[in-house]
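Here are the chains, one letter per residue:
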Amino acid sequence: MKSIQVKNTYDLQLSGLPDTACDTVDETDFYGVSPSRIKELKAKLLVKEGQAVKVGSCLFFDKKNEKNVFLSPVSGTVEKIEYGDRRALQNIVIKSDKQFQKETLFDKQTLASIDKLEDKDVADLIQKGGLWSVFTAYPFQMTPNSDLLPPAIYVSIDSDEPHLPQSQIFCEGEKDNFLAGLKALKKMTSTVHVGVADKTKLKETKILEHVTHRLKGHYPANNHGVFLYYNKKDASENSSWGVSAQDVIRIGKLLTEGTYPNEKVIVVAGALVKKPRHLKVVEGYPVKALEKELTKKAGLRVVAGGVLTGQRSSIDSFISYNEYAVHFLQEGKEQEMFTFFRPGFDKPTFGRTYLSALVKKEEWEMNTCLNGGHRACIACGECPKVCPVESHPQFFMKDLEAGDIEKPIEQGFLDCVSCGICTYVCPSKIELDSIFYDARQKIAKEAGV
Amino acid sequence: MKILKDIFNKNEHYFEKGGKYANWYPMYEAFYSFLFSTKETTKTSVHVRDSLDTKRYMSIVLIALTPCALFGIFNAGFQAHKAVGESLDLIPVLLTGAQLVLPLIAVSYIVGLGVEFFSCMVRGHEVNEGFLVTGLLYPLTLPATMPLWQAAVGIAFGVVVGKEVFGGSGRNFLNPALTARAFVFFAYPAQMSGEVWTKVMGAKDQIVEGWSGATALAVAATTEAPQKAVDALQDAGFSLMDSIVGIVPGSIGETSVVMVLIGAFILLITGVGSWRTMLGSLLGAVSISILFNLFSGGTTIAFFGLPTVWQLSIGSYAFATVFMATDPVSSPGLESSRFIYGFLIGVLGMIIRVTNPAYPEGWMLAILLMNVFAPLIDHVMLERKSKKRIPNVI
Amino acid sequence: MKSLFKTQAYKTFKKPLVEANPVSIAILGICSALAVTTQMIPSIVMVLAMTTVLTFSNITISILRNIIPKNIRIIVELVVISTLVILADQVLKAYMFDVSKQLSVFVGLIITNCIIMGRAEAFALANGPWLSMWDGLGNGLGYGYILIVVSFFRELLGSGNLMGIKVIPEVFYESGYVDMGIMLLAPGVFIVIGLLVWGQNVLTKKT
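A brief structural summary. (Residues numbered from 1 in each chain as written. Chains lettered and ligands numbered in written order. Predicted model: local features only at pLDDT ≥ 70, side-chain atom pairs only at ≥ 80, totals over all residues. Heavy atoms only, no water.)

1. Details of the overall build of chain C
Worth spelling out the cut-off: A run of H or I in DSSP becomes a helix once it reaches four residues, and a run of E becomes a strand once it reaches two; helices and strands are each numbered from the N terminus. The buried label applies to any residue whose accessible area, calculated with a 1.4 Å probe on protein chains only, is under 20% of its type's maximum; exposed applies above 50%, and partly exposed to all values in between. Should any heavy atoms of two residues lie within 4.5 Å, those residues are counted as being in contact. The charge count includes Lys and Arg as positive and Asp and Glu as negative, but it does not include His or the ends of the chains. One atom stands in for each charge, and that atom is NZ of Lys, CZ of Arg, CG of Asp or CD of Glu.
Within chain C one finds 10 helices and 2 strands. Going from the N terminus to the C terminus, chain C shows its helices and strands as α-α-α-α-α-α-α-α-β-β-α-α. On the principal axes, the C-alpha backbone points of chain C span a range of 65 × 45 × 35 Å. Residue burial in chain C is summarised as follows: out of 207 residues, 42% are buried. Counting only contacts in chain C whose residues sit at least 6 apart along the sequence, the fraction spanning at least 24 positions is 75%. Positive and negative side-chain charges of chain C, numbering 15 and 10 respectively, have mean locations separated by a distance of 16 Å.

2. Description of the packing of helix α7 (residues 114-124) of chain C against helix α8 (residues 129-159) of chain C
Residues and elements named next belong to chain C. Just so we agree on the cut-off: Helix axes are fitted only over the stretch in contact, all axes being lines through C-alpha atoms; the angle between N-to-C directions runs from 0 to 180 degrees. Each angle gets one of four labels, with under 35 degrees taken as roughly parallel, over 145 as roughly antiparallel, 65 to 115 as roughly perpendicular, and the rest as oblique. The sense of a crossing depends on the near helix, which, turned anticlockwise from the far helix by less than a right angle, makes the crossing left-handed and, turned clockwise, makes it right-handed. Residues are grouped as follows: Ala, Val, Leu, Ile, Met, Phe, Trp, Tyr, Cys and Pro are nonpolar; Asp, Glu, Lys and Arg are charged; all remaining types, including Gly, are polar.
Their axes nearest at 11 Å, the elements α7 and α8 cross at an angle of 150°. Put simply, α7 runs roughly antiparallel to α8. At the point where α7 passes α8, the crossing takes the right-handed sense. Mapping the contact onto sequence places I115, R119, F123 and A124 in α7 and L131, S132, D135, N139 and Y143 in α8. Broken down by class, the residue content of the contact of α7 with α8 amounts to 5 nonpolar, 2 polar and 2 charged.

3. Comments concerning helix α5 (residues 90-123) of chain B
Residue and element names in this part refer to chain B. Put simply, the test is: A helix is expected to reach a length of 1.5 Å times the quantity of its residues less one. One axis is fitted to the seven residues ending at the residue and one to the seven starting there. The bend at that residue is the angle between these axes.
Compared with an ideal rise of 1.5 Å per residue, which puts 34 residues at 50 Å, α5 spans 47 Å between its outermost C-alpha atoms and is within 8% of the ideal. Bending of α5 peaks at approximately 30° at the position of A98. The positive-phi residue at the C-terminal boundary of α5 is G124, with phi of around 75°.

4. Regarding helix α10 (residues 186-203) of chain C
Between its first and last C-alpha, α10 of chain C extends 26 Å over 18 residues, near the 26 Å set by a 1.5 Å rise per residue. Inspection of α10 of chain C places G188, V189, I191, V192, I193, V197 and Q200 of chain C among the buried residues, and these make up the whole buried set. Residues of α10 of chain C that are buried make contact with α7 (148-162) and α8 (176-187) of chain B together with α2 (30-36) and α8 of chain C. Immediately beyond the C-terminal end of α10 of chain C, within one or two residues, lies K205 of chain C, with a positive phi of roughly 55°.

5. So, the packing of aromatic side chains
As a reminder, the rule being used: Ring pairs shown here join Phe, Tyr and Trp side chains whose ring centres sit within 6.5 Å, with only the six-membered ring taken for Trp; geometry is labelled stacked below 30 degrees between planes, edge-to-face above 60, and tilted in between. Only lysine NZ and arginine CZ atoms are considered, and such an atom sits over a ring when it is within 6 Å of the ring centre and within 35 degrees of the ring normal.
The final tally for this structure, using the stated rule, is 38 aromatic pairs over all chains. Site record: aromatic cluster; members linked through ring pairs are F15, Y25, Y28, Y32 and F36 of chain B. If you follow R87 of chain A out to its NZ or CZ, it ends over the ring of Y83 of chain A, 4.2 Å from the centre. Over the aromatic face of Y324 of chain A sits the side chain of K264 of chain A, whose NZ or CZ is 4.7 Å from the ring centroid.

6. Quick look at the interface of chain B and chain C
Interfaces are often sized by the accessible area lost when the parts come together. To be explicit about the condition: Put simply, buried area is the surface a 1.4 Å probe can reach on two separate parts but cannot reach once they are joined, added for both. The salt bridge criterion pairs a side-chain nitrogen of Lys or Arg with a carboxyl oxygen of Asp or Glu, the two atoms within 4 Å. Polar contacts, as used here, are pairs of N or O atoms within 3.5 Å; protein pairs need one atom able to donate a hydrogen and one able to accept it. Residues neighboring in sequence count only if both atoms are side-chain atoms.
Tallying the contact residues gives 13 residues for chain B and 11 residues for chain C. Approximately 900 Å² of surface area, both sides summed, lies buried where chain B meets chain C, with 78% of it carried by carbon and sulfur atoms. It is W149, F183 and F186 of chain B that lose the most area in chain B upon contact with chain C, and together they represent 38% of the buried surface on that side. On inspection of chain B and its partner chain C, the count reaches 0 salt bridges. Our enumeration of links across chain B and chain C arrives at 3 residue pairs in polar contact (both at pLDDT 80 or more). Of all the secondary-structure elements, those providing two or more residues to the side of chain B that touches chain C are α7 and α8 of chain B. Within the side of chain B that touches chain C, the residues separate by chemical class into 10 nonpolar, 2 polar and 1 charged.

Honestly, that's just the spatial picture; any functional story needs more than this.
In structure tokens:
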């Protein structure tokens, strides 16, 4: 097992670390699927209001890739179809019949039968099972195009973004599914790299013996893009794919059971949650049903996913396709006078400009306050200090602002894994993250991906 | 406090887009955010943010500058009293010093902020905190005798040409405080060089016998071999200790190495000032002054032979290195190029100081010159770095 | 009257005044702007000499344009221009000796002014004498007004004079006013021209 020391990582020490307890939730009547929350998706709807669906019925597919279908996580009837701006498909609300009748998608596979499949067949099965979008194709970080199989697949078992499910919880009792999933991945490409955090709490030896790399460092050392950056030997590996361990387990489950794996382990966390912990939920579970976990109901920010890369969500939304966490944060904070002349023992910060640098605190409570106004870049040099792929966000930003795309690409812009940590530290509060996202989309469009 | 906040919040709609005084928004934002922390929240991903903002960043520099400013007030008064033989007690000295220095600082802030506010209103972007630093740095580089109107012309020029023509703080490539100083230095040479460092209060005949307003630099630069520069300095009444403590004539803030070191300590411990720039500058200055010492035998300029310790403690070397060279906006952006940048500043500044009799001090010109070259250093270093990467291009 | 503003000649004349100004847009002829603009009188004389030379060189080259062999056109242009420059120099020496002393070599150096050669190459070789004359006049005046504005500020701020006459009252000097030394140095020109270019870009919205 090789060991990779990831440079420039940072531990946010965000409060509300989830408990290792993994509870189940009460069933509710209405579940939902939110196509708008799957990035880059142009959804084509396949169901009508009032139509009966089973677990695994096709709800919609991606217009760019018709094989990339998305399946219903519950059985029942389609209650309502909600549209957003410009008639973009927002939510499909399904009234559950609480039976969870599963539609058989294909014959059950075993480890041995997966072994006999061709690479294209495995890809076909995963697409039929609606799990194609769990893959991230680098360098554009999009759902892969099905025709091209990758040079390598990077599986990252742990996730160190605050806060996502811990590996020892979601791997509990799932080792066979993981191995089946891994087998399927190995069919699709020649090399599968499996990385595990240096401080992992995972004890499952059957899984650990497939691990090829240990990743040392804080966030985002366990991001599969970072893993790819440190492990690649030449430029041919740039178009590798990444996938998280829980998705590997779901792929395994899909193949061995032949039905859509609608259950997953999520984390409910954040400063406003009474008891941050893991929950086993069915995909599409309404966030509203988690309201009883909260200490207060007004002035909150709901984040679907980790606090750095997650999308902004609302209390009326649902646990969506690629989301493994729900955070409830305090929206904004009380204004105080002369913040910048205060000693600031209570202010979490990356550098040493507040006296909080002297405080050895385990965790910091954070809110969504911007903590400053938008300013021009003052070249303070904080962002390169936290960039895990050793690039220079401030130069990329300046070049991109001037309309130059070539220069950032030459300097490694496409290695960016959009971990968001540069945006977190920026004292000028520049939205580097969204600037880079837009630029990447533009490059992808020009490259015809 | 609550009342004040309510007043601000109640009147916000006037200044928002489409409001009655929307043009005045930068002014409103500047005052509001000066008094209270922002209530703005993140819009989309990266939902939490670091507590550091540019205000904090710049106020750290202000804190680091305070010892220099306070000592500058003391020294301006001290020199003025010494020249005419008045009492050297602390309180009268401080009062005289405050009379001399505070108007300069006030003029610098008022005129500079006026220009800054005006251009922000024209362009409609927020007032940047960078000016808080510029506004204090600039008067500290002036002699205490500087006429106020000249200081005002200088800072207005510095803010407009050094900064606003390029789009405001963060987009400028020259240090605005130094641009302002360079402008007054060339525009009003009579008020910026020669024996202008001490305010002579009263008539000429009151001047104490044997007193001269010349700086150590002027003495050292005019010394001719075979006399040693050190001896000349000591004859003129300069001791190494005085130069380090700072009770010598010179620009307001630059004289005291001790106070600058306190500021450097604050900048380094908070990580606001780049240690690479400072170390580079130190290495550059030391190596070139040692080199000069080695060649001092063959020249008539006694300044060549001045020991390194003296070179580092006289003039504005320490102040320029710690506060001017480390300005992040006009420095290169990469940490590795900051070392080269600092080193070249040290080398160039020392060369200009010692070999060019037309300029009494070299750091202002050296830093401005290196400001211009900073993007080039960055470019070279970035090229080198991207060659080491595994290419990721389409 | 209206039709006058629509003629090709008027357009040719107007274009180099602001829109395609040789100094503030094309940044040509900076060298002579550096040299002669410390005072207004020499700059005005310089502008007159320059405009005359430019206009006549444009006309002459335009007339000759069809018979100049392509291979040696630069030499022919040079001959025309240098003849005109020598003429201008002689006239100045004869009638305005003091000023010509002040201008020293810079009248002779009009020949190296990039604007003249540039207009000959870019315009006169391709157009008739009538239009070339207007182009020469326009460029000469476009160059000229920048020079005069620059020298106005340099003389006023740098030595307190205008056209050699003291305009800043003695009272000012007594109460502490000092002339801005930098305006008499070469950097002063760059600052003034830079600010002029900025101002023009802001006014014409070409940011």
